[in-house]
Amino acid sequence: MNFDLNEEQQMLADSVRRFIKQDYTFENRKAIVASEPGYSPGVWKTFAELGLLALPIPTEHGGFGGTAVDLMPVMEAFGEALVVEPYLSTVMCAHMLGHPGRAVDDRHPGRANGATARGPILSAVAEGRMILAFAHSEDGARYDLNHVAVTAKRDGDGFTIDGLKRVVLNGPQADRLLVSARTSGAATDESGISLFVVDPQTAGITMRAYRTIDGFRAADIAFDGVRVRAD
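Residues numbered from 1 in each chain as written. Predicted model: local features only at pLDDT ≥ 70, side-chain atom pairs only at ≥ 80, totals over all residues. Heavy atoms only, no water.

A.B. asks: Give me the lowdown on the overall build of the protein, citing residues and values where you can.
C.D. replies: In terms of helices and strands, the protein carries seven helices and seven strands. When the helices and strands of the protein are read in sequence order from the N terminus, they spell out α-α-α-α-α-α-α-β-β-β-β-β-β-β. Here the C-alpha atoms of the protein give a radius of gyration of 18 Å, agreeing with the 17 Å that 2.2 N^0.38 yields for 231 residues. Oriented by its inertia axes, the alpha-carbon framework of the protein measures out at about 55 × 35 × 30 Å. Expressed as a percentage of its 231 residues, the buried residues of the protein come to 46%. In the protein, 67% of the contacts between residues at least 6 apart in sequence involve partners at least 24 apart. Carbon and sulfur atoms make up 53% of the accessible area of the protein, which amounts to about 12000 Å² in all. Distance between charge centres in the protein, computed from 23 positive and 30 negative side chains, equals 5 Å. (Helix = DSSP H or I, 4+ residues; strand = E, 2+ residues; numbered from the N terminus. Rg over C-alpha atoms; globule rule 2.2 N^0.38 Å. Buried < 20%, exposed > 50% of the residue type's maximum accessible area, 1.4 Å probe, protein only. Contact = heavy atoms within 4.5 Å. Areas by Shrake-Rupley, 256 points an atom, 1.4 Å probe, with all protein chains shown as cover. Lys, Arg positive; Asp, Glu negative; His and termini not counted. Charge placed at Lys NZ, Arg CZ, Asp CG, Glu CD.)

Shown next as C-alpha coordinates:
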(Lines give C-alpha, C1' and ligand atoms only; values in the text may rest on other atoms or scores of the structure.)
Protein backbone atom coordinates (compact mmCIF):
# COMPACT_ATOMS: atom_id res chain seq x y z
CA MET A 1 0.00 0.00 0.00
CA ASN A 2 1.31 3.45 -0.94
CA PHE A 3 1.54 5.75 2.08
CA ASP A 4 3.09 8.70 0.20
CA LEU A 5 0.91 11.80 0.50
CA ASN A 6 -0.54 13.40 -2.61
CA GLU A 7 -0.65 17.17 -3.00
CA GLU A 8 -4.05 17.62 -1.33
CA GLN A 9 -3.13 15.40 1.61
CA GLN A 10 0.14 17.26 2.11
CA MET A 11 -1.67 20.63 2.01
CA LEU A 12 -4.10 19.42 4.67
CA ALA A 13 -1.27 18.11 6.83
CA ASP A 14 0.54 21.45 6.54
CA SER A 15 -2.64 23.34 7.51
CA VAL A 16 -3.09 21.18 10.61
CA ARG A 17 0.52 21.66 11.71
CA ARG A 18 0.31 25.44 11.20
CA PHE A 19 -2.83 25.61 13.33
CA ILE A 20 -1.28 23.51 16.09
CA LYS A 21 1.94 25.54 16.10
CA GLN A 22 0.07 28.87 16.32
CA ASP A 23 -2.99 28.04 18.42
CA TYR A 24 -2.43 24.75 20.26
CA THR A 25 0.61 25.42 22.35
CA PHE A 26 1.30 23.28 25.39
CA GLU A 27 0.06 26.10 27.65
CA ASN A 28 -3.17 26.27 25.66
CA ARG A 29 -3.51 22.50 25.98
CA LYS A 30 -3.06 22.69 29.77
CA ALA A 31 -5.86 25.24 29.98
CA ILE A 32 -8.13 23.06 27.84
CA VAL A 33 -7.44 19.98 29.98
CA ALA A 34 -8.26 21.97 33.13
CA SER A 35 -11.49 23.39 31.70
CA GLU A 36 -14.90 22.01 32.64
CA PRO A 37 -15.72 20.42 29.26
CA GLY A 38 -12.17 19.08 28.82
CA TYR A 39 -12.00 20.21 25.21
CA SER A 40 -12.20 23.54 23.36
CA PRO A 41 -15.40 24.29 21.37
CA GLY A 42 -13.37 26.88 19.49
CA VAL A 43 -10.77 24.32 18.46
CA TRP A 44 -13.56 21.90 17.50
CA LYS A 45 -15.06 24.61 15.25
CA THR A 46 -11.68 25.07 13.60
CA PHE A 47 -11.44 21.31 12.98
CA ALA A 48 -14.77 21.56 11.15
CA GLU A 49 -13.65 24.59 9.14
CA LEU A 50 -10.47 22.75 8.11
CA GLY A 51 -12.58 19.81 6.93
CA LEU A 52 -11.05 17.42 9.45
CA LEU A 53 -14.42 16.24 10.82
CA ALA A 54 -15.79 15.63 7.34
CA LEU A 55 -12.69 13.74 6.23
CA PRO A 56 -13.86 10.12 6.85
CA ILE A 57 -17.58 10.73 6.16
CA PRO A 58 -19.13 9.53 2.87
CA THR A 59 -19.73 12.25 0.29
CA GLU A 60 -23.49 11.65 0.27
CA HIS A 61 -23.59 12.87 3.87
CA GLY A 62 -21.53 16.01 3.37
CA GLY A 63 -18.11 14.46 3.85
CA PHE A 64 -15.03 13.89 1.72
CA GLY A 65 -15.02 10.08 1.74
CA GLY A 66 -11.44 10.00 2.98
CA THR A 67 -9.36 6.90 3.62
CA ALA A 68 -6.99 5.84 6.39
CA VAL A 69 -4.15 7.44 4.42
CA ASP A 70 -6.04 10.77 4.49
CA LEU A 71 -6.40 10.50 8.26
CA MET A 72 -2.81 9.40 8.88
CA PRO A 73 -1.07 12.82 8.72
CA VAL A 74 -3.86 14.40 10.81
CA MET A 75 -3.51 11.80 13.55
CA GLU A 76 0.27 12.10 13.40
CA ALA A 77 0.07 15.86 13.98
CA PHE A 78 -2.49 15.41 16.77
CA GLY A 79 -0.26 12.85 18.43
CA GLU A 80 2.74 15.16 18.38
CA ALA A 81 0.71 17.96 20.02
CA LEU A 82 -1.12 15.66 22.47
CA VAL A 83 -4.46 17.02 21.22
CA VAL A 84 -7.24 16.18 23.72
CA GLU A 85 -10.25 17.09 21.59
CA PRO A 86 -12.61 14.10 21.01
CA TYR A 87 -11.51 13.62 17.40
CA LEU A 88 -10.56 9.94 17.36
CA SER A 89 -13.74 8.72 19.02
CA THR A 90 -15.93 10.90 16.79
CA VAL A 91 -14.38 9.96 13.45
CA MET A 92 -14.19 6.28 14.44
CA CYS A 93 -17.91 6.24 15.21
CA ALA A 94 -18.66 8.24 12.07
CA HIS A 95 -16.75 5.70 9.98
CA MET A 96 -18.79 2.85 11.46
CA LEU A 97 -22.05 4.71 10.90
CA GLY A 98 -21.02 5.47 7.33
CA HIS A 99 -20.20 1.82 6.57
CA PRO A 100 -22.92 -0.20 8.34
CA GLY A 101 -23.30 -3.96 8.44
CA ARG A 102 -26.50 -5.87 7.85
CA ALA A 103 -29.75 -4.92 9.53
CA VAL A 104 -30.66 -6.24 12.95
CA ASP A 105 -34.06 -7.26 11.63
CA ASP A 106 -33.89 -8.45 8.02
CA ARG A 107 -37.66 -8.12 7.74
CA HIS A 108 -37.28 -4.33 7.97
CA PRO A 109 -33.77 -3.61 6.65
CA GLY A 110 -34.38 0.03 5.86
CA ARG A 111 -35.60 0.72 9.38
CA ALA A 112 -33.48 -1.57 11.49
CA ASN A 113 -30.10 -0.57 10.05
CA GLY A 114 -30.81 3.08 10.76
CA ALA A 115 -30.51 4.20 7.14
CA THR A 116 -32.68 7.28 7.67
CA ALA A 117 -31.16 8.12 11.05
CA ARG A 118 -27.51 7.96 9.95
CA GLY A 119 -27.66 10.84 7.48
CA PRO A 120 -28.47 13.67 9.92
CA ILE A 121 -25.92 12.37 12.44
CA LEU A 122 -23.10 12.18 9.90
CA SER A 123 -23.95 15.61 8.50
CA ALA A 124 -23.92 17.07 12.02
CA VAL A 125 -20.49 15.52 12.68
CA ALA A 126 -19.08 16.90 9.43
CA GLU A 127 -20.31 20.38 10.35
CA GLY A 128 -18.88 20.22 13.88
CA ARG A 129 -22.30 20.10 15.56
CA MET A 130 -22.03 16.63 17.09
CA ILE A 131 -19.49 14.64 19.12
CA LEU A 132 -19.66 10.84 19.21
CA ALA A 133 -18.24 8.22 21.60
CA PHE A 134 -17.92 4.45 21.20
CA ALA A 135 -19.25 2.57 24.23
CA HIS A 136 -17.75 -0.90 23.81
CA SER A 137 -15.25 -1.91 26.55
CA GLU A 138 -16.58 -4.05 29.40
CA ASP A 139 -15.43 -5.78 32.57
CA GLY A 140 -13.52 -8.98 31.86
CA ALA A 141 -13.19 -8.40 28.12
CA ARG A 142 -9.37 -8.41 28.27
CA TYR A 143 -9.14 -6.80 24.82
CA ASP A 144 -11.40 -9.44 23.24
CA LEU A 145 -13.50 -7.34 20.86
CA ASN A 146 -16.13 -10.09 20.71
CA HIS A 147 -16.74 -9.89 24.46
CA VAL A 148 -20.06 -8.04 24.73
CA ALA A 149 -22.27 -8.86 27.70
CA VAL A 150 -24.44 -5.73 27.47
CA THR A 151 -27.76 -6.88 26.01
CA ALA A 152 -30.34 -5.30 23.70
CA LYS A 153 -33.66 -7.10 23.76
CA ARG A 154 -36.64 -6.58 21.52
CA ASP A 155 -39.22 -4.35 23.17
CA GLY A 156 -42.22 -3.57 20.99
CA ASP A 157 -41.05 -1.37 18.12
CA GLY A 158 -37.61 -0.88 19.67
CA PHE A 159 -34.98 -2.37 21.99
CA THR A 160 -34.14 -2.21 25.69
CA ILE A 161 -30.43 -2.02 26.60
CA ASP A 162 -29.03 -3.27 29.91
CA GLY A 163 -25.46 -3.58 31.21
CA LEU A 164 -22.25 -1.67 31.94
CA LYS A 165 -19.60 -0.16 29.67
CA ARG A 166 -16.17 0.82 31.00
CA VAL A 167 -13.71 3.58 30.04
CA VAL A 168 -15.81 5.11 27.27
CA LEU A 169 -13.36 7.60 25.77
CA ASN A 170 -14.96 11.06 25.46
CA GLY A 171 -18.22 9.69 26.84
CA PRO A 172 -18.82 12.78 29.05
CA GLN A 173 -18.50 15.07 26.01
CA ALA A 174 -20.58 13.04 23.57
CA ASP A 175 -23.87 14.17 22.07
CA ARG A 176 -24.53 10.58 21.01
CA LEU A 177 -23.13 7.22 22.09
CA LEU A 178 -22.52 4.37 19.67
CA VAL A 179 -23.22 1.38 21.91
CA SER A 180 -22.35 -2.23 21.17
CA ALA A 181 -24.93 -4.63 22.61
CA ARG A 182 -25.73 -8.28 22.19
CA THR A 183 -28.95 -9.10 20.37
CA SER A 184 -28.22 -12.86 20.28
CA GLY A 185 -25.71 -15.49 21.40
CA ALA A 186 -23.40 -15.81 24.38
CA ALA A 187 -21.19 -13.04 25.81
CA THR A 188 -18.10 -14.01 23.78
CA ASP A 189 -19.69 -15.11 20.50
CA GLU A 190 -18.35 -13.41 17.38
CA SER A 191 -21.83 -12.97 15.91
CA GLY A 192 -24.89 -11.43 17.52
CA ILE A 193 -23.37 -8.00 18.28
CA SER A 194 -25.28 -4.92 17.13
CA LEU A 195 -24.62 -1.18 17.32
CA PHE A 196 -27.13 1.36 18.63
CA VAL A 197 -27.04 5.15 18.54
CA VAL A 198 -28.12 6.34 21.99
CA ASP A 199 -28.70 9.83 23.38
CA PRO A 200 -26.73 9.95 26.68
CA GLN A 201 -29.62 11.90 28.25
CA THR A 202 -32.00 8.94 27.78
CA ALA A 203 -33.71 7.69 30.92
CA GLY A 204 -31.90 4.77 32.54
CA ILE A 205 -28.35 5.92 31.75
CA THR A 206 -25.95 6.61 34.62
CA MET A 207 -22.53 8.04 33.79
CA ARG A 208 -19.49 8.26 36.07
CA ALA A 209 -17.10 10.68 34.40
CA TYR A 210 -13.38 11.08 35.10
CA ARG A 211 -10.11 12.30 33.61
CA THR A 212 -7.66 9.78 32.17
CA ILE A 213 -3.95 9.86 32.92
CA ASP A 214 -3.20 11.57 29.58
CA GLY A 215 -5.75 14.37 30.09
CA PHE A 216 -8.68 12.99 28.12
CA ARG A 217 -12.19 12.55 29.54
CA ALA A 218 -13.81 9.14 29.86
CA ALA A 219 -16.71 7.53 31.69
CA ASP A 220 -18.14 4.29 32.98
CA ILE A 221 -21.71 4.13 31.67
CA ALA A 222 -24.49 1.95 33.08
CA PHE A 223 -27.60 1.12 31.05
CA ASP A 224 -30.67 0.13 33.06
CA GLY A 225 -33.71 -0.50 30.89
CA VAL A 226 -32.61 2.09 28.33
CA ARG A 227 -35.12 2.05 25.50
CA VAL A 228 -34.16 2.96 21.93
CA ARG A 229 -36.15 2.97 18.70
CA ALA A 230 -35.47 0.37 16.03
CA ASP A 231 -34.19 3.03 13.66
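Here the narrative resumes, following the displayed structure.
A.B. asks: Can you break down the pairing of strand 5 (residues 193-198) residue by residue, with the values?
C.D. replies: What you see with strand 5 is a clean split: Ser194, Phe196 and Val198 sit on the buried side and Ile193, Leu195 and Val197 on the side with no burial. Relative to strand 5, strand 4 (residues 176-182) is paired through six bridges, and the arrangement is antiparallel. Note that in strand 5 the partner of serine 180 across the bridge is leucine 195. (Pairing = 2+ DSSP bridges.)

A.B. asks: Give a detailed account of the pattern of salt bridges, specifying residues and quantitative values.
C.D. replies: With the rule as written, the count across this model stands at twelve salt bridges. Between aspartate 139 and arginine 166 there is a salt bridge, and its shortest N-O distance comes to 2.8 Å. On the criterion of sequence distance, the pair formed by aspartate 139 in the loop between strand 1 (132-135) and strand 2 (151-155) and arginine 166 in strand 3 (residues 158-169) is long-range, its members being 27 residues apart. What makes aspartate 139 partly exposed here is its relative accessible area of 46%. Here arginine 166 falls in the partly exposed class, since its relative accessible area comes to 28%. (Salt bridge = Lys/Arg side-chain N within 4 Å of Asp/Glu carboxyl O.)

A.B. asks: Got a sec to walk through a nonpolar patch on the surface? Specific residues and values, please.
C.D. replies: Residues Leu88, Met92 and Leu169 make up a contiguous nonpolar surface patch of about 230 Å² in total accessible area. Among the structural elements, methionine 92 can be located in helix 5 (residues 87-98). Given a relative accessible area of 36%, methionine 92 falls into the partly exposed group. (Patch = residues over 30% accessible without salt bridge, like charges linked within 9 Å, V, L, I, M, F, W, Y side chains within 5 Å.)

A.B. asks: Give a detailed account of the packing of aromatic side chains, specifying residues and quantitative values.
C.D. replies: Going through the model one piece at a time under the given rule, you end up with seven aromatic pairs. Pairing tyrosine 39 with tryptophan 44 gives two aromatic rings, centres 6.4 Å apart and planes at 80°, and the pair type is edge-to-face. For tyrosine 39, a relative accessible area of 16% puts it in the buried group. By relative accessible area, tryptophan 44 is classed as buried at 3%. Geometrically, the ring pair formed by phenylalanine 78 and tyrosine 87 is edge-to-face, given 5.1 Å between the ring centres and 85° between the ring planes. Taking relative accessible area as the criterion, tyrosine 87 reaches 1% and is therefore assigned buried. A network of ring pairs unites the aromatic residues Phe19, Tyr39, Trp44, Phe47, Phe78 and Tyr87 as a single cluster. (Phe/Tyr/Trp six-rings, centres within 6.5 Å; stacked < 30°, edge-to-face > 60°.)

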